[in-house]
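Coordinate analysis (summary)
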Amino acid sequence: MRRLLLASLLAVACRPTADRPSVPRTAHRIVSLAPSSTELLFAIGAGEQVVGRTTWCRYPAAALRVPAVGDGLNPNVEAIAARQPDLVVLYRSQMNETAAAQLARLGVATVTLAQDRLEDIAQAARELGRLTAHQPAGDSIGAAIDALLQAPAPAALARVAFVVWDNPPMVIGGGSYLDQLATLAGASNVFHDLAAASATVSIETIVARNPDVILVLSDSTAPPAYSARREWRAIRAVRQGRFIMLPGDLFGRPSPTAPAAVAALHHALEVEARK
Amino acid sequence: MKRWLGLAALVALALVSAVVLGPAHVALADLTSSAIVRSLRVPRALLALLVGGSLGVAGASLQALVRNPLADPFLLGLSGGAGLGAVLAIALHVAGPWALPLAAFAGALGAMALVYRLGLVGGAQLDPRVLLLAGVAVGAFSGAITTAIVSLAEAADLRNAFLWLWGGLSGASWDTVLVMAVYIPVPLVVLYAAARPLDLLALGEEPATHLGADVEPLKRRVYIAASMLTAAAVAVSGVIGFVGLIVPHITRLVWGHRHRALLPAAFLGGGALLLFADTAARVSVAPRELPVGIVTALVGVPLFAVLLRRWTGRGARG
């Protein structure tokens with residue numbers, strides 16, 4: 001196997017400049033290098049065609065049976081090639097452009113998909129549907145997310161802040177899909193004005209923005225450890241213990257389950273508002 | 001005397017601006033009643049003063065000990081040890097609000113002990129050159145282990161250990177101020193008591209011995225006390241570079257090489273520099289915040305370069 005790989009590497013190296021390999025009409029052996037696209041592939045019924053995933057791809061549970069080829073952040077081209085894929089799905093980033101070029105030199109077709117916002121998920125669902133011969137399922141997820149985005153936003157129930165890390169304090173800004181989910185669920189993100197997906201801020205800034213509720217990405221139901229710390233208790237929502245915990249399976253990444261995530265967050269906000 | 005008054009005025013100005021300025025608007029009339037000022041800005045300013053001061057004194061003492069102008073509190077492997085401690089605490093799911101600081105402190109002390117042991121030539125004499133090499137080696141080694149753990153483990157939390165390690169003074173509270181205020185006087189007094197022998201040590205170990213300094217215990221005391229200061233600083237504020245490197249040089253230019261004056265000046269100078277840097281980190285890109293280590297580098301290095309030019313210029317003329 002390794003000798004074969006080496007031989008093919010040599011063959012590729014000796015070949016004059018080649019164009020990028022064309023994407024197959026229907027991909028049968030897919031390596032997915034982003035949790036969102038792995039989840040999408042399973043959601044559109046193409047799970048059987050997935051032959052490689054990253055260690056971060058943990059949803060749905062069936063994905064865990066697929067061999068992992070690395071953490072996907074700095075793709076291990078050799079491990080990917082060993083799965084003999086006819087299509088590699090990459091997250092759109094600068095680092096992955098290098099990996100895509102390397103894979104192209106090995107004759108492996110790649111597609112890079114942006115997966116940062118809900119509209120990216122709709123588009124990725126359609127694209128993956130087309131590439132895997134599951135077009136109706138892909139289109140239907142795309143349509144469901146379009147409908148979610150076009151639905152009139154409910155009245156704001158609460159002003160919220162997503163605090164994703166405590167030291168230094170990091171919050172979710174307007175450029176993220178979590179901010180989109182919050183808006184759709186009837187919450188206004190007090191850091192919506194920050195263009196970045198996430199940003200480091202001072203505790204003082206959170207105090208001044210004075211959110212009603214703190215949203216925490218966590219599978220636990222216990223309030224975060226920092227809520228007992230004195231400096232954090234300067235924030236009204238922390239003093240009042242107003243936290244909503246967002247489980248990772250629904251909120252951990254841009255996902256076709258976004259409608260369920262929005263409904264769950266809306267419900268939690270209503271419960272919190274009645275307290 | 002004028003120099004000391006100037007330095008005191010600088011510290012006072014730094015403290016006042018740290019308390020008055022911030023990303024949130026607090027009217028001057030509300031300064032004393034505002035919760036933001038009382039529970040966030042004042043403890044953070046005091047912590048910046050204590051941490052900056054500790055790094056300044058640790059840097060000045062270590063530069064005298066290893067007789068190397070490049071010595072920095074973090075050059076001797078402590079930041080690597082602290083990072084490894086913090087990452088291990090997360091990987092092993094040690095919980096609690098003080099888990100990360102305590103683990104980083106333990107890691108820094110572990111690195112200190114290892115460097116110390118490696119620096120003991122023949123089991124008795126502390127060789128400054130070996131100490132420096134051991135510090136660089138231990139720092140690189142623990143850094144490599146840390147990176148390996150972070151890249152192999154699947155917990156997203158681990159990446160945040162790096163954020164924490166470079167996090168600066170975000171974690172400041174009256175609790176951390178209290179811990180530092182109780183802790184640092186001991187190593188500070190130990191170092192100040194060694195001020196006169198440190199002057200002799202600057203002449204070289206042999207001359208220092210002839211002039212009556214008990215060189216071996218002195219080196220051990222100074223190394224351990226300076227490392228204890230640095231370990232506490234990293235536990236409450238992560239790794240903050242350049243303060244411990246630059247401040248001793250600047251104060252040496254103004255106060256000369258006598259440690260009895262140099263050490264207190266380095267404390268106040270380090271405190272003032274970190275206060276100004278942290279204020280800039282909080283205010284300059286508000287509502288976002290910069291890592292304070294970036295500001296200390298941006299402010300400190302050009303300042304250092306200017307002084308270095310004047311210093312070498314004067315040297316060339318003289």
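None of the values given here were measured: they were computed from a predicted structure.

A few words on the domain arrangement of chain A. All names here are of chain A. As far as domains go, chain A holds domain 1 (2-148) and domain 2 (158-274). For domain 1 versus domain 2, the separation of C-alpha centres amounts to 31 Å. In this assembly, 17 residues from domain 1 lie in contact with 12 residues from domain 2. Where the side of domain 1 that touches domain 2 is concerned, the elements lending two or more residues are helix 2 (35-43), helix 5 (118-131) and helix 6 (135-150). Among the elements that line the side of domain 1 that touches domain 2, the one with the most residues is helix 2, at five residues. Classifying every residue of the side of domain 1 that touches domain 2 by side-chain character gives 11 nonpolar, two polar and four charged.

With that settled, the discussion passes to the environment of Ala61(A). Residues and elements named next belong to chain A. Tracing the sequence through the fold places Ala 61 in the loop between strand 2 (50-52) and helix 3 (77-82). Residue class for Ala 61 comes out exposed when judged on the 9 C-beta atoms lying within 10 Å of it. With 61 residues separating them in the primary sequence, Ala 61 and Ala 122 have C-alpha atoms 22 Å apart.

Residue and element names in this part refer to chain A. Reading across the sheet, the four strands line up as 2-1-3-4 and stay open at both edges, with parallel pairing between neighbours. Across the chains shown, the open sheet's two edge strands, defined by having one partner strand only, are strand 2 and strand 4 (110-113). Between one strand and the next, the sheet's axes are offset by a mean angle of 35°, whatever the strand orientation. As paired strands, strand 1 (residues 30-32) and strand 3 (residues 87-91) are joined by three bridges and run parallel to one another. Bridging from a neighbouring strand, Ser 32 pairs with Val 89 of strand 3. Against the sheet, helix 2 makes contact with strand 1, strand 2, strand 3 and strand 4, and its axis sits at roughly 135° relative to strand 1, the strand it touches most.

A word on the nonpolar core. Ranked by size, the top nonpolar core spans 95 residues in total, and within it Leu47(B), Ala86(B), Ala108(B), Ala231(B) and Ala232(B) carry the most contacts. Sorting elements by how many residues they give to this core places helix 2 (residues 35-66) of chain B first, with 15 residues. Non-local contacts of Ala232(B), meaning those with residues more than four positions away in its chain, are made with Ser54(B), Phe105(B), Met180(B), Tyr183(B) and Ile184(B). Counting residues in each nonpolar core, the second largest holds 85 residues, with Ile30(A), Ile235(A), Val238(A) and Phe251(A) among its members.

Residue and element names in this part refer to chain B. Thr 176, Val 177 and Met 180 are the residues of helix 7 (residues 174-183) that are buried. One side of helix 7 holds all its buried residues, which, seen down the axis, span an arc of 100°. With respect to the buried face of helix 7, the exposed residues turned more than 90 degrees away are Leu 178 and Val 182. Where helix 7 is buried, its residues meet helix 2 and helix 11 (215-237).

The next thing to look at is the interface of chain A and chain B. Every contact between the two is made by 22 residues of chain A and, on the other side, 28 residues of chain B. Contributing elements (two or more residues each) for the side of chain A that touches chain B: strand 8 (198-200) and helix 8 (203-209) of chain A. Here the side of chain A that touches chain B takes five residues from helix 8 of chain A, the largest share from any one element. Residue composition of the side of chain A that touches chain B, grouped by class: 13 nonpolar, five polar and four charged.

Residue and element names in this part refer to chain A. Burial analysis of strand 3 places five of its five residues in the buried class, which makes it a mostly covered element. Of the two faces of strand 3, both are covered, the one formed by Leu 87, Val 89 and Tyr 91 as well as the one formed by Val 88 and Leu 90. Pairing of strand 3 with strand 4 involves four bridges; the strand directions are parallel. Residue pairing in the sheet places Tyr 91 in a bridge with Leu 113 of strand 4. Where the polypeptide runs from strand 3 across helix 4 (residues 94-105) and back to strand 4, its parallel neighbour, the crossover connection is right-handed.

Right, let's get into unusual backbone geometry. Here Asn167(A) and Pro168(A) are connected by a cis peptide whose omega angle stands at 0°. Counting through the fold element by element, Pro168(A) comes out in the loop between strand 5 (158-166) and strand 6 (169-172). At the junction of Ala286(B) and Pro287(B), the peptide bond is cis and its omega measures out at 10° in the coordinates. For Pro287(B), the location among the structural elements is in the loop between helix 13 (259-283) and helix 14 (292-317). Here Arg67(B), not a glycine, exhibits a phi torsion of approximately 50°, which is positive. Relative to the assigned elements, Arg67(B) resides in the loop between helix 2 and helix 3 (78-91). Judged by the 15 C-beta atoms lying within 10 Å of it, Arg67(B) is partly exposed.

In this section: the environment of Ile80(A). Residues and elements named next belong to chain A. Tracing the chain through its elements places Ile 80 in helix 3. Judged by the 25 C-beta atoms lying within 10 Å of it, Ile 80 falls in the buried class. Considered as a pair, Ile 80 and Glu 119 are 39 residues apart in the sequence and their alpha carbons are 28 Å apart.

Bringing the packing of helix 12 (residues 243-255) of chain B against helix 13 of chain B into the picture now. All names here are of chain B. Helix 13 packs onto helix 12 with a crossing angle of 130° between their chain directions and a minimal axis gap of 9 Å. When the interaxial angle is binned, helix 12 and helix 13 end up oblique. Helix 13 is crossed by helix 12, and the crossing has right-handed handedness. Of helix 13, the residues touching helix 12 (which contributes Val 243, Val 247, Pro 248, Ile 250, Thr 251, Arg 252 and Trp 255) are Ala 261, Leu 262, Ala 265, Ala 266, Gly 269, Gly 270, Leu 273 and Leu 274. When grouped by side-chain class, the residues that make up the contact of helix 12 with helix 13 number 11 nonpolar, three polar and one charged.

Averaged over chain A, the pLDDT score is 86; the fraction of residues at 70 or greater is 92%. Segment residues 9-18 of chain A is flagged for pLDDT under 50; beyond a separation of four residues in sequence, or across chains, it makes three contacts in the model.

Looking now at the pairing of strand 9 (residues 213-217) of chain A. It is a general feature of regular strands that their side chains alternate between the two faces of the sheet. Residue and element names in this part refer to chain A. Across the five residues of strand 9, four count as buried, placing the element largely inside the fold. With three bridges connecting them, strand 5 and strand 9 associate as parallel partners. Along strand 9, the bridge assignment pairs Phe 162 with Leu 215. Pairing of strand 9 with strand 10 (residues 243-246), which is carried by four bridges, proceeds in the parallel orientation. Bridge pairing in strand 10 links Leu 215 to Ile 244.

About the criteria used
Residues numbered from 1 in each chain as written. Chains lettered and ligands numbered in written order. Predicted model: local features only at pLDDT ≥ 70, side-chain atom pairs only at ≥ 80, totals over all residues. Domains from an automatic or database assignment. Contact = placed C-beta atoms within 7 Å. Helix = DSSP H or I, 4+ residues; strand = E, 2+ residues; numbered from the N terminus. Nonpolar A, V, L, I, M, F, W, Y, C, P; charged D, E, K, R; others polar. Buried ≥ 20, exposed ≤ 12 C-beta atoms within 10 Å, placed from the backbone. Pairing = 2+ DSSP bridges. Axes fitted to C-alpha atoms, helices over the stretch in contact; angles between N-to-C directions. Core = buried A, V, L, I, M, F, W, Y, C linked by C-beta atoms within 7 Å. Arc of directions from axis to C-beta. Right-handed = clockwise from strand over helix to strand, strands pointing away. Parallel < 35°, antiparallel > 145°, perpendicular 65-115°, else oblique. Left-handed = near helix turned anticlockwise from the far one by under 90°. pLDDT = per-residue confidence, 0-100.

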